[in-house]
Amino acid sequence: MESLLIALVSVALVIIATVTMTISAFGSAITLTDSWNKMEKRAEDVRRTSIAVTPPDNYAGGNIALLVINDGQTDLSDFTHWDIITENQTGSIWYIDYTPDAPGNNQWTLEGIYLTSNLSTTEAFDFNILNPGETANLTIKLSPEIGAGKLGKITVSTPNGVTAQCIVSRS
């Protein structure tokens, strides 16, 4: 009788342990699947995103007018989460903050979004969203400015981490 009771308790413990491990394994599998799906969605967003940055033709000092062309397949917005980083020839690097107003020192703003790269036609749909094929006109105010005869590198990054760079030459 005693060994039967011990056997029943042992079998019950084995069953409880098996059920607990099975539930934990299913929970882990669900968590892994959810993470994998999020990772695939993020990778797809990055794959479909592409930007090109065009520096000003003749920069003689002052604010820099930078053109960002959305040549990917993803609508881009949320400009508060875009990153702009500048570097001069001495290796100094500045993070440029976004402002919705006129930019102060080491700030940038979105002047407008245009249907064409020559800025002749303003956007007509989806205001403040940089749709594929549209061009964003950004104004950057650097402090200190790029020196005469010097170069500066500007890197623009979208919220999902896609970047583009250009070199600005001051005459």
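This one's a predicted model, so the numbers in the text were calculated from it and none came from an experiment.

### Overview of the overall build of the protein
A count of helices and strands for the protein gives one helix and eight strands. In the protein, the order of α-helices and β-strands from amino to carboxyl end is α-β-β-β-β-β-β-β-β. For a compact globule of 171 residues, the expected C-alpha radius of gyration is about 16 Å, and the protein comes in at 27 Å, more than 25% above that figure. The C-alpha extent of the protein, read off along each of the three principal axes, is 100 × 40 × 25 Å. Taken over 171 residues, the protein has a buried fraction of 29%. Summarising the internal contacts of the protein: among those between residues at least 6 apart in sequence, 56% fall at separations of at least 24. Taking the 9 positively charged and 18 negatively charged side chains of the protein as two groups, their mean positions are separated by 7 Å.

### Details of the environment of leucine 76
Here leucine 76 shows up in the loop between strand S2 (64–70) and strand S3 (83–88). The exposure class of leucine 76 is buried, given its relative accessible area of 4%. The spacing of leucine 76 and proline 159 is 83 residues in sequence and 8.5 Å in space, taken between C-alpha atoms. If near-sequence neighbours (up to four positions away) are discounted, leucine 76 is found in contact with Thr49, Ile51, Asn70, Trp82, Ile129, Leu130 and Thr158.

### Description of the layout of surface pockets
Of the pockets and cavities examined, the largest pocket occupies roughly 210 Å³. For the lining of the largest pocket, the secondary-structure elements that each account for two or more residues are S3 and strand S7 (151–157). Sorting elements by how many residues they give to the lining of the largest pocket places S7 first, with four residues. When the residues that make up the lining of the largest pocket are grouped by side-chain class, the tally is six nonpolar, eight polar and four charged.

### Considerations on the nonpolar core
If you look at the biggest cluster of nonpolar residues, it comprises 25 residues, and the most contacted ones within it are Val68, Ile140, Ile154 and Val156. Elements with a contribution of two residues or more to this core: strand S1 (51–54), S2, strand S5 (107–114), strand S6 (135–141), S7 and strand S8 (163–169). Residue contacts for valine 68: discarding those within four places in its chain leaves Ile51, Ala52, Val53, Trp82, Leu130, Glu134, Thr135, Ala136, Leu138 and Val156.

### Focus: the pairing of S8
Residues Ala164, Cys166 and Val168 line the buried face of S8, whereas the alternating positions Thr163, Gln165, Ile167 and Ser169 sit on a face that is not buried. Pairing geometry for S7 and S8, over seven bridges, is antiparallel. Note on S8: the bridge partner recorded for glycine 152 is valine 168. Connecting S7 to the next strand, S8, in antiparallel fashion are five residues, including glycine 161 with a positive phi near 95°.

### With respect to the sheet that holds S2
An order of S1-S2-S6-S5-S4-S3-S7-S8 is seen for the eight strands of this open sheet, with the pairing classed as mixed. The two strands at the open ends of the sheet, each matched to only one other strand, are S1 and S8. Neighbouring strand axes in the sheet, compared pairwise and without regard to direction, differ in orientation by 30° on average. In terms of strand pairing, S2 meets S6 through six bridges, oriented antiparallel. Bridged to isoleucine 64 within S6 is isoleucine 140.

### Focus on the pattern of salt bridges
This structure, assessed with the given rule, holds four salt bridges. The partner of aspartate 45 in a salt bridge is lysine 41, and the shortest N-O contact between them spans 3.5 Å. Here lysine 41 and aspartate 45 lie together in helix H1 (residues 2–48), a separation of four residues that amounts to about one turn. We classify aspartate 45 as partly exposed; its relative accessible area is 28%.

Cut-off values and rules
Residues numbered from 1 in each chain as written. Predicted model: local features only at pLDDT ≥ 70, side-chain atom pairs only at ≥ 80, totals over all residues. Heavy atoms only, no water. Helix = DSSP H or I, 4+ residues; strand = E, 2+ residues; numbered from the N terminus. Rg over C-alpha atoms; globule rule 2.2 N^0.38 Å. Buried < 20%, exposed > 50% of the residue type's maximum accessible area, 1.4 Å probe, protein only. Contact = heavy atoms within 4.5 Å. Lys, Arg positive; Asp, Glu negative; His and termini not counted. Charge placed at Lys NZ, Arg CZ, Asp CG, Glu CD. 1 Å grid on protein atoms, 1.4 Å probe; cavity = no way out; pocket = protein on both sides within 12 Å on 5 of 7 lines; lining within 4 Å. Points joined across faces, edges and corners; volume = space filled by probe spheres on them. Nonpolar A, V, L, I, M, F, W, Y, C, P; charged D, E, K, R; others polar. Core = buried A, V, L, I, M, F, W, Y, C linked by side-chain atoms within 4.5 Å. Pairing = 2+ DSSP bridges. Axes fitted to C-alpha atoms, helices over the stretch in contact; angles between N-to-C directions. Salt bridge = Lys/Arg side-chain N within 4 Å of Asp/Glu carboxyl O.

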